[in-house]
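# Coordinates in review
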Amino acid sequence: MISDVLVIGGGAAGMMAAHTAALYGKNVVLLERNERLGKKLLITGKGRCNITNQCDVNTLIANVTSNGKFLYSAANHFTPQDTISYFEQANVPVKIERGNRVFPVSDKAFDVAKALENNLKTCGVTVIIDRVKKILIKDQQVIGVEGHSGKQYQALSVILATGGKSYPVTGSTGDGYQMAEQLGHMIVKPKPSLVPIVTKEDWCKKAQGLSLKNVTLTLTDLESGKILFEELGEMLFTHFGVSGPLVLSASAHIKQIQPNRYRLSIDLKPGLNEKQLDSRILRDFAQNANKDFGNSLGGLLPRKLIPLIIRFSEIPYEQKVNQITKEMRKKLCEVIKCLTLTIADFRPIEEAIITAGGIDVKQVDPKTMQSKLINGLYFAGEVLDLDAYTGGFNLQIAFSTGYAAGMSAALATH
């Protein structure tokens, strides 16, 4: 049997594309290599799933770091508000958090994946577990695909939605790039984005596991002197350097990693200026006047950071608090307000939240997501050279492009 629309990949973009095509009354088949759909979706937002961002289309596009203008048509046809409505209609009520991030009220990514899966069942989409080996074409027209099982699946249209190369355990292994390349598509070299950062300094190991909340992280390009990123939020120390939401966001602003070119600065007390911080330190010192300096910082700093701050302040651990000079306090304030790290590298692409790079969008029609080289071939989601900052923008790209591809593929098949 020939299906009207065949979707490769059962992630966010693939399920949205399949459901949309089925809503137009088309016979839709979805091929997924994993035993279950939405495997990567289940781990997004630390298992809570940041579905989208409650913003207008212009704000969405402003947060897309690669080829934002390409997304304009698709995003206007399926907006962040449409995404919110889509899930609320699927019995997944949402809530808005800091930065207009949208999460399910249940805080469970499972509910989001299940809603998409239920919509496929309701619309009669046939889900088959098979890994696609190649896309079959004849006279520059799609005729179907061949699976690793050896079976061929005939189709009038094919939507490629296999994701990027990040988190390969979820099935994102770059298969889609190879399939598209075999058909003549240019691939912008994949690289990690929204990725943990390896630091030159090894002292982060001593603070490993420490999560900082309400700190300001600043990323500076030392070559140009420009501040590339500055935001208040959360971050985490690891055995290799730093991670967490702030660090992942900062990483997206580094277009080309070069050792020693970029610096991270952590303001541990962003709510206080240096004068206010000095007053706070003086109050703490007054309560600990006869103690060693090393035993006076418990009310000000996390336990794991205290030995490090002492080291960087160059004030001896056993220095009596009542003997600490104004100059010593000034140095202590500077360290607390600007704890610096030098960026050495990104962690591997396998640890990235998303992949930058992918199928060159110059060879894709932005209104339909159809290939400009092969008739009946469409693309959706992270397989395209589209990526954005954290905050729900990347999933919105998946939903907008998935919707556009599903609708276009359905309307093109008669």
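Structure's up top.
Residues numbered from 1 in each chain as written. Predicted model: local features only at pLDDT ≥ 70, side-chain atom pairs only at ≥ 80, totals over all residues. Heavy atoms only, no water.

## Quick notes on the packing of helix H1 (residues 12-23) against helix H11 (residues 393-412)
- Two elements in contact, H1 and H11, have axes whose closest approach is 7 Å; the angle formed by their N-to-C orientations is 35°. Seen from above, H1 lies across H11 with right-handed handedness. On H11, the residues touching Ala12, Ala13, Met16, Ala17, Thr20 and Ala21 of H1 are Leu395, Ala398, Phe399, Gly402, Tyr403, Gly406, Met407 and Ala410.
- Its residues assigned to classes, the contact of H1 with H11 shows eleven nonpolar, three polar and no charged. (Axes fitted to C-alpha atoms, helices over the stretch in contact; angles between N-to-C directions. Helix = DSSP H or I, 4+ residues; strand = E, 2+ residues; numbered from the N terminus. Left-handed = near helix turned anticlockwise from the far one by under 90°. Contact = heavy atoms within 4.5 Å. Nonpolar A, V, L, I, M, F, W, Y, C, P; charged D, E, K, R; others polar.)

## A closer look at the sheet that holds strand S5 (residues 94-97)
- Reading across the sheet, the three strands line up as S3-S6-S5 and stay open at both edges, with antiparallel pairing between neighbours. Taken across any chain shown, the strands that pair with only one partner, and hence form the sheet edges, are strand S3 (52-53) and S5.
- Alignment of S3 against strand S6 (residues 101-104), held across two bridges, turns out to be antiparallel. Counted as the bridge partner of Thr52 is Val102 from S6. (Pairing = 2+ DSSP bridges.)

## Remarks on unusual backbone geometry
- The backbone phi angle of Asn67 is positive, close to 60°, even though this residue is not glycine.
- Along the chain, the position of Asn67 falls in the loop between strand S4 (64-66) and helix H3 (72-77).
- Among the residues examined, Asn67 registers a relative accessible area of 32% and is labelled partly exposed.
- Even without being a glycine, Asn214 presents a positive backbone phi close to 55°.
- Topologically, Asn214 is positioned in strand S13 (residues 211-221). (Buried < 20%, exposed > 50% of the residue type's maximum accessible area, 1.4 Å probe, protein only.)

## With respect to the sheet that holds strand S16 (residues 262-267)
- Spatially, the six strands close up into a barrel ordered S12-S15-S14-S13-S16-S17, and their pairing is antiparallel. Sheet twist, expressed as the average angle between the axes of neighbouring strands with direction ignored, equals 45°.
- Packing of helix H10 (residues 326-337) onto the sheet brings it into contact with S16 and strand S17 (339-346), and relative to S16 it is tilted by some 115°.

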